[in-house]
Amino acid sequence: MRTIIIAILLAFNLFAQAQTEDFILDKNWKFTKGNMEGAEHPGFDDSNWESVSVPHDWAIFGPFDKEVDKQVVAITQNNEQDASEKTGRTGSLPHIGDGWYRTSFELPKLAEDSRVLVLFEGAMSDPVVFVNGQKAGEWGYGYAYFKLDITDLVKSGNSNLLAVHLSPKELSSRWYPGAGLFRKVRVLVQPKNHFQLWNTFVTSPYVSDSLAQINVKTKVEGKGLRLETEIKDASGKVLASASSETLFGDEFVQNIALENPKLWSPESPTLYVAESKLYDKNGALQDVQTTRFGVRTISYTAGEGFKLNGKITKFRGVCLHHDLGPLGAAVNKAALRRQIQLMKDMGANAIRSSHNMPSMEQLELCDEMGMLFLAESFDEWKKPKVKNGYNRFFDDYHEKDIVNLVRATRNHPCIVLWSSGNEVPDQWGSEGVKRAKRLQEIFHREDPTRPVTVGMDQVKAVMESGFGAIMDVPGLNYRTHLYEEAYDRFPQGFVLGSETASTVSSRGIYKFPVEKAVGKMYPDGQSSSYDLEYCNWSNLPEDDAVLQDDKDWVIGEFVWTGFDYLGEPTPYDEYWPSRSSYFGICDLAGLPKDRYYWYKSRWNTDESTLHILPHWNWPGMEGDTVPVFVYTSYNSAELFVNGKSMGVRTKNKESKLERYRLMWNDVVYEPGELKVVAYDDKGTVAVEEVVRTAGKPYRLVLEPDRKTISADGQDISFVTVSVVDKNGVPCPTVTNQLDFKVDGAGNYRAACNGDATSLELFHLPTMKLFSGKLVVLVQSTEQAGDISLQVKGKGLKAGKLTIQSK
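Residues numbered from 1 in each chain as written. Predicted model: local features only at pLDDT ≥ 70, side-chain atom pairs only at ≥ 80, totals over all residues. Heavy atoms only, no water.

## With respect to the sheet that holds strand β47 (residues 773-780)
Line of reasoning, step 1. Taking strand neighbours across the sheet as the criterion, the four strands line up as β41-β43-β47-β45 in an open arrangement whose pairing is antiparallel. Every interior strand has two partners, whereas the edge strands, β41 (699-704) and β45 (746-752), have only one. When strand polarity is set aside, the average angle formed by the axes of neighbouring strands in this sheet is 30°.
Line of reasoning, step 2. Sheet topology note: the β45/β47 ladder contains six bridges and is antiparallel. In the strand pairing of β47, Ala-750 is matched with Leu-777. (Pairing = 2+ DSSP bridges. Helix = DSSP H or I, 4+ residues; strand = E, 2+ residues; numbered from the N terminus. Axes fitted to C-alpha atoms, helices over the stretch in contact; angles between N-to-C directions.)

## Looking at the environment of Asn-388
Line of reasoning, step 1. Its location among the elements puts Asn-388 in the loop between β26 (372-376) and α3 (394-409).
Line of reasoning, step 2. Remark: the alpha-carbon pair of Asn-388 and Lys-169, spanning 219 residues in sequence, is separated by 6.8 Å.
Line of reasoning, step 3. Aside from chain neighbours lying at most four places away, what touches Asn-388 is Lys-169, Glu-170, Leu-171 and Ser-172. (Contact = heavy atoms within 4.5 Å.)

## Overview of the sheet that holds strand β24 (residues 315-320)
Line of reasoning, step 1. In space, the eight strands of this closed barrel follow the order β24-β25-β26-β27-β28-β29-β30-β33, with parallel pairing throughout. Geometrically, the sheet is characterised by an average inter-axis angle of 25° between neighbouring strands, direction not taken into account.
Line of reasoning, step 2. One ladder, built from two bridges, connects strand β29 (residues 473-477) with strand β30 (residues 495-501); its direction is parallel. Residue Asn-477 lies in a different strand from β30, and its bridge partner there is Glu-499.
Line of reasoning, step 3. This element, helix α8 (residues 541-550), spans β30 and β33 (554-560) of the sheet and lies at about 155° to β33.

## Quick look at helix α1 (residues 333-346)
Line of reasoning, step 1. Here α1 is 14 residues long and its end C-alpha atoms lie 20 Å apart, about the 20 Å a rise of 1.5 Å per residue gives.
Line of reasoning, step 2. Residues of α1 that are buried: Ala-334, Ala-335, Leu-336, Arg-338, Gln-339, Ile-340, Leu-342, Met-343 and Met-346.
Line of reasoning, step 3. On the buried face of α1, the contacting elements are β24, β25 (350-353), α2 (360-369), α9 (594-603), β43 (716-724) and β47. (Expected span 1.5 Å × (residues − 1). Buried < 20%, exposed > 50% of the residue type's maximum accessible area, 1.4 Å probe, protein only.)

## Overview of the pattern of salt bridges
Line of reasoning, step 1. On inspection of all chains with the given rule, the structure shows 47 salt bridges.
Line of reasoning, step 2. Of the charged contacts, one joins Asp-426 and Arg-435 as a salt bridge, the two residues approaching to 2.8 Å between their closest N and O atoms.
Line of reasoning, step 3. By relative accessible area, Arg-435 is classed as buried at 18%.
Line of reasoning, step 4. Salt-bridge contacts for Asp-564 lead to Lys-593; the nearest nitrogen and oxygen are separated by 3.0 Å. With Asp-564 in the loop between β33 and α9 and Lys-593 in the loop between β33 and α9, this pair connects stretches of sequence that are 29 residues apart.
Line of reasoning, step 5. The class of Asp-564 is buried, set by a relative accessible area of 6%.
Line of reasoning, step 6. One connected set of salt bridges, linked through shared partners, spans Glu-399, Arg-407, Arg-438, Arg-445 and Glu-446. (Salt bridge = Lys/Arg side-chain N within 4 Å of Asp/Glu carboxyl O.)

## Here's the deal with the pairing of strand β34 (residues 610-613)
Line of reasoning, step 1. The side-chain alternation of β34 yields two buried faces, one formed by Leu-610 and Ile-612 and the other by His-611 and Leu-613.
Line of reasoning, step 2. Taken together, the four bridges between β34 and strand β35 (residues 628-632) define a ladder with antiparallel strand orientation. Opposite His-611, over in β35, you have Tyr-631 as the bridge partner.

## Here's the deal with α8
Line of reasoning, step 1. Across the ten residues that make up α8, a large majority, seven, are buried.
Line of reasoning, step 2. Looking at the buried positions of α8, the neighbouring elements they touch are α7 (483-489), β30, β33, α9 and α10 (656-660).

## Comments concerning the side chain of Ser-805
Line of reasoning, step 1. For Ser-805, the location among the structural elements is in strand β49 (residues 799-805).
Line of reasoning, step 2. For Ser-805, a relative accessible area of 2% translates into the label buried.
Line of reasoning, step 3. Apart from the residues lying within four places of it in its own chain, the contact partners of Ser-805 are Ile-709, Ser-710, Ala-711, Ala-745, Ser-780, Thr-781, Gln-783, Ala-784, Gly-785 and Ile-787.

## Here's the deal with the nonpolar core
Line of reasoning, step 1. Within the largest apolar cluster, 216 residues are counted, with the highest numbers of intra-cluster contacts made by Leu-181, Tyr-300, Phe-315, Met-343, Phe-467 and Phe-740.
Line of reasoning, step 2. Aside from chain neighbours lying at most four places away, what touches Phe-740 is Tyr-748, Ala-751, Pro-765, Thr-766, Met-767, Leu-774, Val-776, Leu-789, Gln-790 and Val-791.
Line of reasoning, step 3. In this structure, Val-202, Val-216, Ile-256 and Phe-293 belong to the second largest nonpolar core, which totals 13 residues. (Core = buried A, V, L, I, M, F, W, Y, C linked by side-chain atoms within 4.5 Å.)

## Overview of the pairing of strand β14 (residues 194-207)
Line of reasoning, step 1. Judged by how many residues are buried, β14 sits mostly within the fold: eleven of 14 residues are covered.
Line of reasoning, step 2. In terms of strand pairing, β14 meets strand β15 (residues 211-221) through eight bridges, oriented antiparallel. The residue of β15 that forms the bridge with His-194 is Glu-221.
Line of reasoning, step 3. Counting the residues in the hairpin turn of β14 and β15 gives three residues.

As structure tokens, then:
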């Protein structure tokens, strides 16, 4: 098996100060694939290795290859009985093998009794860490956060080498896992007396309109210490404070009165900071720590369901895998922010991190932007889904991984629910019940303020075994036909749709005849955007909507998925070259599919929604039937074809489909104009929408999500590229090859068109349009200035855009 070695040159000066120093190791890394014997040693020559920055995903650069991690399996979650060849299940990108990363860092003379830690927020996978040629430690799960004490291995006042060996295995995942140091790496230098890492816990056990009790539990190293804590608002104004000298073992406990608290919610995500200072008995400052938190209350009760700040709230959630499309698994805050904003604009209020620990950046953004969060941990326990999955680590690591997850993230107000697993095969039998209870108890011990769920797909089995009955929150994955029975048999008095829908579609692709279909496949490897196709284990969005809207005891849902992701190309698991999913409400490029507007029409009550499908470019189909669907927040609308009324349609609660979508199934295609007029409940025209037949493609249009980005070397502007005719009408079917050029204070980062069957590489500056669109990612450098993007395509007037980097 090949080995990947990581070599990084770190150069920073750590000054002996009276507080913990935290250094992010993001630059000057050296990387190579292959089994490089001796790469952990300082004298090893890594001059020919690739220079990279971290976070880094080595596999996203391709190439796509059907032989990569080809799995001959029967996917039991998909109700398969016989094994078959799955070529794109993990994305068909080269994530398997060994690799190394290396870096050097300078330490000054360390103060006596200082401690030095190295912290990894994710390393895919099986990381083995070396410092100065000596093994510092290892971990298992690629998604887990972990820290190692390297004090005894570093050389004070000298250069030190950090080397990391990774070895992702075949048959270790059900989707694209990525490969490499895909999340942040940090070095911490702690003074003798210091705050323990991940051991401050801020809660608000009492909250009223006029007063909140802020309980701060803080673990420290050292004796004879005094803790001063100030509560500050976002502007830095001190609102309350406390001083403590009493240690309960190694823990300070403070209760601070915060007057007139502003509560955190998706609508108003107010955040506070607890600034803590540690002093010795002589009054000398020893360490400083800031902990961001929010004040809010949560409860889950029979008869009321989930309440946030005393208000009944249903989860309007989406599941998200960790990859960021063309960026792969490498964490990028701009990409995460774009995802969250798209979901908020749609009306979503919650995210589930499927099926692993979330990134710190994602949680920080959900805190800031106002998005509830279901933090998941594992896709497997003891019993395997795939040969080399988490089952390899469960016995040795499950408690350590949960402890690190909870302690590292429990101060995030966005997290309102933990998940200990997803569709685990352990749902059968008494051993599985014991494991579920054991895992839930670990979560409770580390965080008594939040409940725990499991995404359960074997609903009959968990009814019989008692597995579902012991869960704080019973989460059902699909199985809408069993919701009523589960509610009757489970004692909790409510049910959560922990994973719903799994409807499949390809953006801008429509198939005829229009009909509801299960597991439908077509020769081109695409699925229809009429949103009537799903899998044999899943359902249409309407099946979930009826339960969510009509049953008070259904406390919400998490739709599979908010965005397409690499790998798991169901229903085309056996079709090459499909290499990414079709489940997304948005495609892999982050472009909304039609289904986005179906959810928006239900979830976003602050805006009106009126969306028409399909497009109106059907040469050769003149005289044929082309059904027209409308997704709207209004109850009725009228359709016109070239000025002729096709009649008024009104939502019908007696019909599942007609309750949520307006349909004109007998429209005869003729080129020209579709117009839909929506009416309010008084019959007054509320809003109109028009779709026109496009002429010959004429010019390229560039639309950035942001025209100004930060000159930090990480920020990204996502530029949607489309084609219009001479009259500015979008051309929805063009597939021209485009070329990209970026000049100035930025770089071309990647492109993506959302086509699940495309084998074009994201990082190369050329790509075909898919259904008339694609997205170009323009990344800043650390130099401020203008960034110029030019896009060209044969026979098209070029598009040019200037982005400011500040």
